[in-house]
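Overview (structure and organization)
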Amino acid sequence: MAWLSEFSKSLLINRYLEGIVHWDSKYFSFALSADFIEYPRQSRDLSEGGISNRPGPKHFLLTTMCRKHESGKMADHKITVGNVEVVSVLDGYSAKRVPTETFPGSTIEGWREYPDILDENHQIQSRYGSVALRSQGKLIIVDTGMQTDPGGRLLDDMKAKGVDREAVDIVFLTHLHPDHVGWNLTDGKPTFPNARYLAPRSDYEYWSQPDVLSNAAHVREQVMPLNDLNLMDLVDEKYKITDEITTVSTPGHTPGHFSLIIASSGERAFILGDVAHSPAQAHYTDWNPIFDIQQDISRATRHKVLDHLEAESTLVSSGHFPDPGFGHFVRVEGRRVWKAL
Ligand SMILES: [Zn+2]
């Protein structure tokens, strides 16, 4: 906890301390909670403007995201994994939700450990994020956002970040939920006019069952027309989109949900899809959102995937985590946390 001696600005709110620390020429924002592990020998009296060495009863633990910022700049939306370029693009944000309703197995006490995630009314909001991948001369968009709710801005954001929709070769859909297929078509025409659209075969088979399809307007409107236009390819596990990008089956959220592994020049990254929806699930890995269709399978998949990503220190891209969604699952004082880049 030596870095606490250099923290420059803090605000004590109820039982939480939030602030910014300057360390190693970088700025970190942080949130500390008093609820968990105690540091009896390192107790500090934390007060506005700095730390004194007076003995005090407050013991703090880093519990949530520790987001690194280059001095004063916005978080970087572009990273490279070997020779693959990954650009995080944004369609928008969900409506605000009561977290214990969205995650019925969760508790508000648990959520309070994540003050960066809860707003002032103790509600949460999900990002609708996609990534553009440049690999071996191909431009690939992973998922296409929500478009209509609450007014998607994916195309504007792509343009601002130098991603030309007409240059997109492949649209890859991790699964066929409405917030992942929203920009497949615009006014009935392919939004990405020169692209093939790829979807997991097993997810497509699930959604195309008549009784499922009859309740899935988004699939009828944003997926099925691609078939009629002969623009759709169904792919299986271990399918190579390029030599550097491979599908992996991560079922449960939807029956045929896929994630992607990027492996290039000795570096690896994992496109998570909807294996997890909130950084809180790094620790509360059992928490399932109501959106998970196969609840038990989803929970088992999340444990398996997050354990593996943590063990391998794999760089992760997550579309629903806070912008830009790049980070690692790491263990701090015995507790798994999402550490954003
Ligand atoms: Zn989603």
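Okay, so let's go over this structure. The numbering scheme is per chain: residues are counted from 1 as the chain's sequence reads. A pLDDT threshold of at least 70 governs which residues receive local features in this predicted model, and a stricter bar of 80 or more applies before side-chain atom pairs are shown or counted, although totals over entire chains, interfaces and linings include all residues.

Here we look at the sheet that holds strand β10 (residues 127-135)
Which entries qualify depends on this criterion: The pairing criterion is simple: DSSP has to find at least two bridges between the two strands. Segments assigned H or I by DSSP are reported as helices when at least four residues long, segments assigned E as strands when at least two residues long, and all are numbered from the N terminus. Axis lines are fitted through C-alpha atoms, for helices just across the contact stretch, and the angle between N-to-C directions can take any value from 0 to 180 degrees.
Taken in spatial order, the 7 strands make up an open sheet running β8-β9-β10-β11-β12-β15-β16, and their pairing is mixed. Taken across any chain shown, the strands that pair with only one partner, and hence form the sheet edges, are β8 (78-81) and β16 (232-235). The average angle at which neighbouring strand axes cross in this sheet is 25°, direction not considered. Pairing geometry for strand β9 (residues 84-93) and β10, over 8 bridges, is antiparallel. In the sheet register, E85 faces β10, and the bridge partner there is R134.

Looking at the environment of V81
Where we set the bar: Here, residue contact means that the backbone-derived C-beta atoms of the two residues sit within 7 Å.
Among the structural elements, V81 can be located in strand β8. V81 sits 185 residues away from G266 along the chain, and the two C-alpha atoms are 8.7 Å apart. With sequence-adjacent residues up to four places away left out, V81 is seen in contact with V86, I262, S264, E267, R268, A269 and L315.

Quick look at the environment of T242
The cut-off we apply is this: Burial is judged by counting other C-beta atoms within 10 Å of a residue's own C-beta: 20 or more means buried, 12 or fewer means exposed, and anything between counts as partly exposed, with every C-beta placed from the backbone.
Among the structural elements, T242 can be located in strand β17 (residues 240-242). Judged by local crowding, T242 falls into the partly exposed class, with 18 C-beta atoms found within 10 Å. Separated by 106 residues in the primary sequence, T242 and Q136 have C-alpha atoms spaced 7.0 Å apart. Once you skip the residues sitting within four places of it in the chain, T242 turns out to touch S135, Q136 and K138.

A word on unusual backbone geometry
What is expected of a backbone is that most residues other than glycine have negative phi and most peptide bonds are trans. Cis geometry is adopted by the peptide bond preceding P324, which originates at D323 and carries an omega value of -5°. Tracing the backbone shows P324 in the loop between β21 (315-317) and β22 (326-332). Positive phi values are uncommon outside glycine, yet H122 reaches one of about 60°. Note on placement: H122 falls in the loop between α2 (108-111) and β10. Unlike most non-glycine residues, S313 shows phi in positive territory, near 55°.

Looking at the pairing of β8
As a general feature of sheets, a regular strand has side chains that alternate between the two faces. Where β8 and β9 come together, 4 bridges link them in antiparallel fashion. Directly across from V81, in β9, lies its bridge partner V84. The hairpin turn running from β8 into β9, its antiparallel successor, is 2 residues long, and G82 in that turn takes a positive phi close to 60°.

Interpretation note: all reported values are geometric properties and have no functional meaning in isolation.
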